[in-house]
Amino acid sequence: MTDIAFSHSLNPIGTPRCGDPRVTGTAVAFTTHRYDQDEVARALTEFAEPGFARFARTSGVEYRNLALPVERYPKLAGFTEANEAYLEVAVELGEQAVRRALDEAHLRPDEVDAILTVSSTGVAVPTIDARIASKLGLRSDVKRIPLFGLGCVAGAAGMARMHDYLRGFPDHVAVLLSVELCSLTLQRDDTSIPALIGVCLFGDGAAAVVGTGADRVPAGLPLQQGPQILATHSALLPDTVEVMGWNVSSSGFQLVMSRDVPKMADDHLRAEVDRFLAEHQLTTADITTWVCHPGGPKVLESITNAVGMPAEALRHSWESMRDNGNMSSASVLDVFNRTLAEAPAAGSLGIMLAMGPGFSFELLLLSW
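From a predicted model like this one, the values you see are computed outputs, not experimental measurements. Every residue gets a number counted from 1 within its own chain, in the order that chain's sequence is written. Only residues with pLDDT of at least 70 get local features here, since the model is predicted, and only at 80 or more are side-chain atom pairs given and counted; chain-wide, interface and lining totals rely on the full set of residues. Only heavy atoms go into the side-chain values, all of them from the structure, while hydrogens and water stay out.

Take the overall build of the chain next. The number of helices and strands found in the chain is eleven helices and 13 strands. For the chain, buried positions account for 59% of its 368 residues. All accessible-area figures derive from a Shrake-Rupley calculation using a 1.4 Å probe, and residue coverage is judged against the displayed protein chains alone. Working note: accessible area of the chain is about 14800 Å², and carbon and sulfur atoms make up 54% of it. Per the convention used, a helix needs a DSSP run of H or I reaching at least four residues, while a strand needs a run of E reaching at least two, with both numbered from the N terminus. Type-normalised accessible area, obtained with a 1.4 Å probe on protein chains alone, sets the label of each residue: buried when under 20%, exposed when over 50%, and partly exposed for intermediate values.

This part is about the UniProt feature "active site" (unreviewed entry) in the chain. On the UniProt side, "active site" (unreviewed entry) is annotated at positions that read Cys 152 here. Taking the relative accessible area as the measure of exposure, Cys 152 reaches 10% and is therefore buried. Residues count as neighbours in contact if any of their non-hydrogen atoms are within 4.5 Å of one another. Once you skip the residues sitting within four places of it in the chain, Cys 152 turns out to touch His 293, Asn 326, Ser 328, Ser 329, Ala 354, Met 355 and Pro 357. UniProt positions are given in the numbering used here, feature names are shortened, and annotations may be inferred rather than shown by experiment.

Salt bridge, as used here: a side-chain nitrogen of Lys or Arg that lies within 4 Å of a carboxyl oxygen of Asp or Glu. Applying the stated criterion to the full structure yields 20 salt bridges. Ionic pairing is found between Glu 95 and Arg 99, a salt bridge with its closest N-O pair at 2.9 Å. Taken together, the residues span about one helical turn, with Glu 95 and Arg 99 both in helix H4 (residues 79-105) at a distance of four residues. Judged by relative accessible area, Arg 99 falls into the partly exposed class, the value being 33%. The salt bridge involving Arg 315 is made with Glu 319; its shortest N-O contact spans 3.7 Å. One end of the pair is Arg 315 and the other is Glu 319, both in helix H10 (residues 315-324) and four residues apart, which spans about a single turn. The class of Arg 315 is partly exposed, set by a relative accessible area of 26%.

Quick look at the packing of helix H8 (residues 261-278) against helix H9 (residues 297-307) now. At a closest axis distance of 8 Å, the pairing of H8 and H9 adopts a crossing angle of 30°. The orientation of H8 with respect to H9, classified from their angle, is roughly parallel. Note on packing geometry: the crossing formed by H8 with H9 is right-handed. Residues Val 261, Pro 262, Ala 265, Asp 266, Leu 269, Arg 270 and Val 273 of H8 pack against Lys 298, Val 299, Ser 302, Ile 303, Ala 306 and Val 307 of H9. A breakdown of the residues in the contact of H8 with H9 according to their chemical character gives nine nonpolar, one polar and three charged. To obtain each axis, a line is fitted to C-alpha atoms, and for helices this fit is confined to the stretch in contact; angles are then taken between N-to-C directions over 0 to 180 degrees. Roughly parallel refers to an angle under 35 degrees, roughly antiparallel to one over 145, roughly perpendicular to one between 65 and 115, and oblique to any angle outside these ranges. Handedness of each helix crossing follows the sense of rotation of the near helix against the far helix: counterclockwise by less than a right angle gives left-handed, clockwise gives right-handed. Charged means Asp, Glu, Lys or Arg here, nonpolar means Ala, Val, Leu, Ile, Met, Phe, Trp, Tyr, Cys or Pro, and polar covers whatever is left, Gly included.

Here the focus is the nonpolar core. Each nonpolar core is a collection of buried residues, namely Ala, Val, Leu, Ile, Met, Phe, Trp, Tyr and Cys, held together in the definition by side-chain atoms within 4.5 Å. Ranked by internal contacts, the top residues of the largest apolar core, which has 42 residues, are Ile 128, Leu 181 and Leu 184. Every element with two or more residues in this core is listed here: strand S1 (22-29), H4, helix H5 (128-136), strand S6 (173-181) and strand S7 (204-212). Sorting elements by how many residues they give to this core places H4 first, with 13 residues. Contacts of Leu 181, omitting those with residues within four sequence positions, involve Ala 67, Tyr 86, Val 89, Ala 90, Leu 93, Thr 121, Asp 204 and Gly 205. Within the second largest apolar cluster, 38 residues are counted, among which are Leu 230, Val 261, Cys 292 and Leu 314.

With an omega dihedral of 5°, the bond running from Val 125 to Pro 126 counts as a cis peptide bond. Mapped onto the fold, Pro 126 is located in the loop between strand S4 (114-119) and H5. Cis geometry marks the peptide bond from Gly 358 to Phe 359; its omega dihedral reads -5°. Mapping Phe 359 onto the fold places it in the loop between strand S12 (349-356) and strand S13 (360-367). Even without a glycine there, the phi angle at Asp 239 is positive, about 60°. If you trace the backbone, Asp 239 turns up in the loop between strand S8 (228-236) and strand S9 (244-249). We classify Asp 239 as exposed; its relative accessible area is 82%. The phi angle at Gln 281 is positive, at roughly 55°, despite the residue not being glycine.

Attention now moves to helix H6 (residues 154-168). What a helix is expected to span follows from its residue count: subtract one and scale by 1.5 Å. Relative to the 21 Å expected for 15 residues at 1.5 Å per residue, H6 spans 21 Å between its end C-alpha atoms, a close match to the ideal helical length. The buried fraction of H6 is high, at eleven of 15 residues. Buried within H6 we find Ala 154, Gly 155, Ala 156, Ala 157, Gly 158, Met 159, Ala 160, Met 162, His 163, Tyr 165 and Leu 166.

What follows deals with empty space enclosed by the protein. Cavities and pockets are found on a 1 Å grid laid over the protein atoms alone: a cavity is a set of points where a 1.4 Å probe fits but cannot escape, a pocket is an open set with protein on both sides within 12 Å along at least five of seven lines, and a lining residue has an atom within 4 Å of such a point. Grid points are joined across faces, edges and corners, and a volume is the space filled by probe spheres set on the points. In total, this model carries one cavity of 30 Å³ or more according to the counting rule given. Looking at the largest cavity, its volume works out to about 100 Å³. Taken together, Cys 152, Met 244, Met 257, Val 261, His 293, Gly 295, Val 299, Ile 303, Asn 326, Leu 353, Ala 354 and Met 355 make up the lining of the largest cavity. In terms of residue count, the dominant contributor to the lining of the largest cavity is S12 (three residues). Per-class residue counts for the lining of the largest cavity are nine nonpolar, three polar and no charged.

A contiguous nonpolar patch, built from Val 123, Val 125 and Phe 148 and spanning about 320 Å² of accessible area, is present on the exposed surface. Considering the arrangement of structural elements, one finds Val 123 in the loop between S4 and H5. Patch building starts from residues that exceed 30% relative accessible area and form no salt bridge, then joins like charges within 9 Å and nonpolar side chains (Val, Leu, Ile, Met, Phe, Trp, Tyr) within 5 Å.

Position of Leu 138 among the secondary structure elements: in the loop between H5 and strand S5 (143-148). Overall, Leu 138 belongs to the buried group, its relative accessible area being 12%. Taking the C-alpha atoms as reference points, Leu 138 and Val 112, 26 residues apart in sequence, are found 6.7 Å from one another. If we skip the residues at most four places from it in the chain, Leu 138 touches Pro 109, Val 112, Ile 115 and Ala 133.

This is the structure we're talking about:
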């Protein structure tokens, strides 16, 4: 299912084209509440005994930043208090991430024409983008595009929708903001296997990406020459809504995570990757950079095996998971930020991919 906004093939392969949006700035933001896995285990054993230690040892996570000091979590009274904390911290981290990404792009907040916001770990009306708009100095006519409920796939999906917007408005600047505070969804009376995995695996953070349309003419300093987004691909698998998501109740968000999540990659990912690349006369052999959401050790292993890539190809994904845990939609953008810091070779091609509730895949083709 190729996005309508892009229907023609690459010509020639890897050559920058005048019509494609470009990434010009990225940033991540975290709270100061940083802990290693043992500290989290000691503080949250009441949520997870006796299974926590076993999952913690195999999670691939060594450190995490949390929305709140770890000692506050056992004292949270329920969903209302947790969501109030979400609003406070999400606004703070969201403002930091967007401001840093704009600084890297050498753009002012009042030059932003659209802001897309993705988050699935709290409820905010008005949305986070509205709450930070005046703090940042965004224009009153900025287009706000909040997306809720996409879960882990939302970082890549947000990038794809930013691509679509900038194809339609090639002289505009767009910002993607992801804020995920997964720790605030913990429920002390839930000791199910998905809940134990969540306690061990998930972390908190925010990430922002600035994109510019092909006709955007910078004022002042030149824009950073980041990668172009050449094409996108979305896939929604039928009859898979029970594989991953939230059960929403009066106590908040209860994690749904089937043991079939890695199997989704095993059974379906390679076909989607091959289909997407074939539409543009490419194969996996043409791809030198992989920007993958670190959903967990088994998920990363399934992606590696399904696509047939060397283990080293997902180094940034493993390191992001080790350093920050799975931050839902923000994680793939953290991996992207790490990838850009090492500057893939000019003219090379990359794939960004993530999986999430639906069950769904989102793929983007990038060119440096």
